[in-house]
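Fold and contact review
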Amino acid sequence: MVLLHVLFEHAVGYALLALKEVEEISLLLPQVEECVLNLGKFHNIVRLVAFCPFSSSQVALENANAVSEGVVHEDLRLLLETHLPPKKKKVLLGVGDPKIGAAIQEELGYNCQTGGVIAEILRGVRLHFHNLVKGLTDLSACKAQLGLGHSYSRAKVKFNVNRVDNMIIQSISLLDQLDKDINTFSMRVREWYGYHFPELVKIINDNATYCRLAQFIGNRKELNEEKLEKLEELTMDAAKAKAILDASRSSMGMDISAIDLINIESFSSRVVSLSEYRQSLHTYLRSKMSQVAPSLSALIGEAVGARLIAHAGSLTNLAKYPASTVQILGAEKALFRALKTRGNTPKYGLIFHSTFIGRAAAKNKGRISRYLANKCSIASRIDCFSEVPTSVFGEKLREQVEERLSFYETGEIPRKNLDVMKEAMVQAEEAAAEITRKLEKQEKKRLKKEKKRLAAIALASSENSSAPEECEETSERPKKKKKQKPQEALQENGMEDPSVSFSKPKKKKSFSKEELVSSDLEETAGTGSLPKRKKSFPKEETVTDPDESENKRVPKKKRKLSKEEPLSSGPEEAAASKSSGSKKKKKLRKLSQES
């Protein structure tokens, strides 16, 4: 008896199920359909043999890609080799995808079956899968399916922001609409302002320039020689500026009120702003075409290439079109009308706006349009499927069209397509290498900037964390200084007291003539009595230290006051000074007698 197993691929893992009563199930298909909806009956038919969950979303994506491509993944191989019976001829494996079934049968040797009863059984497994696997809920299974679906779609699409042709379609459509609107509004300005200054219409042909002049001139009676320089800047022609000035003096236009001029100027400013926006939009379109379709834009121009992409729907659709379709793209009405009336079919569509067809002679317009459509088809395929966009092929194809155009006119034989493509391949490789180098440099610069930015953020965070500590330190420092100030003041006063004590005897020395005469003798004899003065005077002057510390005077002022202190000293200090002076005189007399 053949054992029937069913392989079920889910977003959470692989499930291998075994079926009972294979022969009855294969014969009674309506009963199988009824059993699928009932969970109890379905459990009687199907039992879970093994379940291999995916370890991560990345592994699930790899297995999903392998199943879609018809490749047997290592996880699937391990599951089948482990849990299927060793006798492969007695095993029948049911799978949902014929591609993966063929791969399993080729690599592992198991007979695989698809469709029929297998599809009904898989439908029941898909319906009751969260009940067959323990620990799996319906909500978690739905979340796994949603996540795997998003990652699988994202990997298949390989989305590139810089090569989106939707922006080109929108910008070229807006550009065409702006051209129509600017022309309509400019004609309205010409008609409106022409009542006042009708001669300006004949002098100025450009719509944007006319609107700028209408906005600048305003009332023609106020136009004079002083505004001639500004007119030359706007018209870019001295002769036209002079003609405008002369026409304003002899104009046949009607007078206009101030409120009408205000409305005309405001409307003219709107038209001027629209024309400026149109120029910026055209610049944006050129840059976008150089990124998305550089070869097509180099061959036929940015505007015509963008119109071809917009009419086809996308660059991929344009690349799929044959050259005959590209030739008449945009002339569908004329084509079907010609087919209906059995007339001549159109020779060109949107590619008529290129310069090549206009330069060709009337008899050669059909030939050059067919040749140009062929080259446009090649360029669009190169742009669509090349990894590194480059305009080398477009430039070479343009050279070929130029040579073919000269061949129609002069008969000069053009180069062969093989030689031109060989040159283009060599130049394209060099251009691709340069582009890759530039991209690598840009990536390095970006990484350096990112590192600098992260370092700056880290430094700023460290500074912010150290700022509170610095604030605490600065708040503590003034407190210490306040405590130290009275101590320092006392120490300074204590150091200054001896100087004050030394200054007093010096003053008294100046008053005594004998001391001046015997100053040399004092140096030789030594200052034996000076320490006594040092000990006596600080003790007496410590009484006045708190007053000086409270006053917190500058040392210079203290020195001045110390000179004046003897004048304001008390009677005790005066008596002490007299006694010390008398003792000194006696000692000096003894020394002079001994010598």
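Residues numbered from 1 in each chain as written. Predicted model: local features only at pLDDT ≥ 70, side-chain atom pairs only at ≥ 80, totals over all residues. Heavy atoms only, no water.

With that settled, the discussion passes to a nonpolar patch on the surface. A cluster of nonpolar residues, Trp192, Tyr195 and Met254, forms a patch on the protein surface that exposes about 330 Å² of accessible area. Positionally, Trp192 belongs in helix α10 (residues 166-194). (Patch = residues over 30% accessible without salt bridge, like charges linked within 9 Å, V, L, I, M, F, W, Y side chains within 5 Å. Areas by Shrake-Rupley, 256 points an atom, 1.4 Å probe, with all protein chains shown as cover. Salt bridge = Lys/Arg side-chain N within 4 Å of Asp/Glu carboxyl O. Helix = DSSP H or I, 4+ residues; strand = E, 2+ residues; numbered from the N terminus.)

What follows covers the confidence of the model for the protein. Per-residue confidence for the protein averages 79 on the pLDDT scale, and 75% of its residues sit at or above 70. Contacts of residues 478-518 to residues separated by more than four positions or lying in other chains number 37 contacts, the stretch itself having pLDDT below 50. (pLDDT = per-residue confidence, 0-100. Contact = heavy atoms within 4.5 Å.)

One pass over the full model with this rule turns up eight aromatic pairs. Ring geometry for Trp192 against Phe267: centres 6.3 Å apart, planes inclined by 50°, an arrangement best described as tilted. Of the two residues, Trp192 is situated in helix α10 and Phe267 in helix α15 (residues 258-292); the sequence distance between them amounts to 75 residues. On the basis of relative accessibility, which here comes to 22%, the residue Phe267 falls in the partly exposed class. (Phe/Tyr/Trp six-rings, centres within 6.5 Å; stacked < 30°, edge-to-face > 60°. Buried < 20%, exposed > 50% of the residue type's maximum accessible area, 1.4 Å probe, protein only.)

The nonpolar side chains of soluble globular proteins are, as a tendency, buried together. Residues Leu296, Leu299, Ile300, Ile309, Leu318 and Leu372 are the most contacted members of the largest nonpolar core, which totals 39 residues. Looking at this core, the elements with two or more residues in it are α10, α15, α16 (294-300), α17 (302-312), α18 (315-320), α21 (355-359), α22 (365-385) and α23 (392-410). Ranked by the residues each element gives to this core, the list is headed by α22, at seven residues. Setting aside residues no more than four positions away along its own chain, Ile309 makes contact with Asp165, Ile169, Met289, Ala293, Leu296, Ser314, Leu315 and Leu318. Counting 25 residues, the second-largest nonpolar core is a separate cluster that includes Val59, Leu76, Leu93 and Ile100. (Core = buried A, V, L, I, M, F, W, Y, C linked by side-chain atoms within 4.5 Å.)

Moving on, we get to the pattern of salt bridges. Any two side chains of opposite charge can pair if their charged atoms end up close together. Under the criterion given, the structure shown has 16 salt bridges. The residue Glu399 makes a salt bridge to Lys396 at a minimum N-O spacing of 3.9 Å. One end of the pair, Glu399, and the other, Lys396, are both in helix α23, three residues apart, so they sit about a helical turn from each other. Given a relative accessible area of 34%, Glu399 falls into the partly exposed group. For Lys396, a relative accessible area of 8% translates into the label buried. Put simply, Glu403 and Arg415 hold a salt bridge, and the shortest N to O gap is 3.0 Å.

With respect to the helices and strands, the residue Val420 is situated in helix α24 (residues 417-511). For the pair Val420 and Phe393, spaced 27 residues apart in sequence, the C-alpha to C-alpha distance is 9.3 Å. Apart from the residues within four sequence positions on either side, Val420 is in contact with Lys396, Gln400 and Arg415.

Further remarks concern α10. Note on helix geometry: an α-helix contains 3.6 residues per turn, so any two residues three or four positions apart are oriented the same way. Taking 1.5 Å as the rise per residue, α10 with 29 residues should run 42 Å; its terminal C-alpha atoms sit 42 Å apart, in good agreement. When α10 is considered as a whole, its buried residues turn out to be Ile168, Ile169, Ser171, Ile172, Leu175, Leu178, Ile182, Ser186, Val189, Arg190, Tyr193 and Gly194. Looking at the buried side of α10, the elements it contacts are α11 (199-203), α12 (207-217), α15 and α17. (Expected span 1.5 Å × (residues − 1).)

So, on to the pairing of strand β2 (residues 13-19). Burial within β2 is extensive, with seven of its seven residues counted as buried. The pairing of strand β1 (residues 3-9) with β2 spans five bridges and is antiparallel. If you follow Phe8 over to β2, its bridge partner there is Ala15. What sits between β1 and β2 in their antiparallel hairpin is a turn of three residues. Note that β2 and strand β3 (residues 46-53) share seven bridges and pair antiparallel. Pairing of Ala15 across the sheet is with Phe51, part of β3. (Pairing = 2+ DSSP bridges.)

On to the packing of α12 against α15. α15 packs onto α12 with a crossing angle of 145° between their chain directions and a minimal axis gap of 9 Å. Where α12 crosses over α15, the two elements pack in a sense that is left-handed. Across from Ala208, Cys211, Arg212, Ala214 and Gln215 in α12, the residues of α15 making contact are Glu265, Ser268, Ser269, Val271, Val272, Ser275 and Glu276. Residue composition of the contact of α12 with α15, grouped by class: five nonpolar, four polar and three charged. (Axes fitted to C-alpha atoms, helices over the stretch in contact; angles between N-to-C directions. Left-handed = near helix turned anticlockwise from the far one by under 90°. Nonpolar A, V, L, I, M, F, W, Y, C, P; charged D, E, K, R; others polar.)

To continue, consider the sheet that holds β3. The sheet built from five strands is open, its strands ordered β3-β2-β1-β4-β5 with mixed pairing. Every interior strand has two partners, whereas the edge strands, β3 and β5 (111-113), have only one. In this sheet, neighbouring strand axes are inclined to one another by 25° on average, regardless of whether the strands run parallel or antiparallel. Note: β1 against strand β4 (residues 91-94), four bridges, orientation parallel. Bridging across to β4, Val6 finds its partner in Gly94. Taken strand by strand, helix α7 (residues 117-127) contacts β1, β2, β3, β4 and β5, and its axis lies near 50° from that of β1.

Once that is clear, we can look at the packing of α15 against α17. Where α15 meets α17, the axes come as close as 10 Å, and the angle between the chain directions of the two elements is 70°. In this view, α15 runs roughly perpendicular relative to α17, as classed from their interaxial angle. In the crossing of α15 with α17, the sense of the turn from one axis to the other is left-handed. Contacts between α15 and α17 pair Leu285, Arg286 and Met289 from the former with Glu302, Gly305, Ala306 and Ile309 from the latter. Split into classes, the residues belonging to the contact of α15 with α17 amount to four nonpolar, one polar and two charged. (Parallel < 35°, antiparallel > 145°, perpendicular 65-115°, else oblique.)

All right, on to the UniProt feature "coiled-coil region" (unreviewed entry) in the protein then. According to UniProt, the "coiled-coil region" (unreviewed entry) feature falls on residues 214-244 and 418-457. Helix makes up 61% of residues 214-244 and strand 0%. Its end C-alpha atoms lie 11 Å apart. In residues 418-457, the share of helix is 100% and the share of strand is 0%. The end C-alpha atoms are 57 Å apart. (UniProt positions renumbered as here; feature names shortened; annotations may be inferred.)

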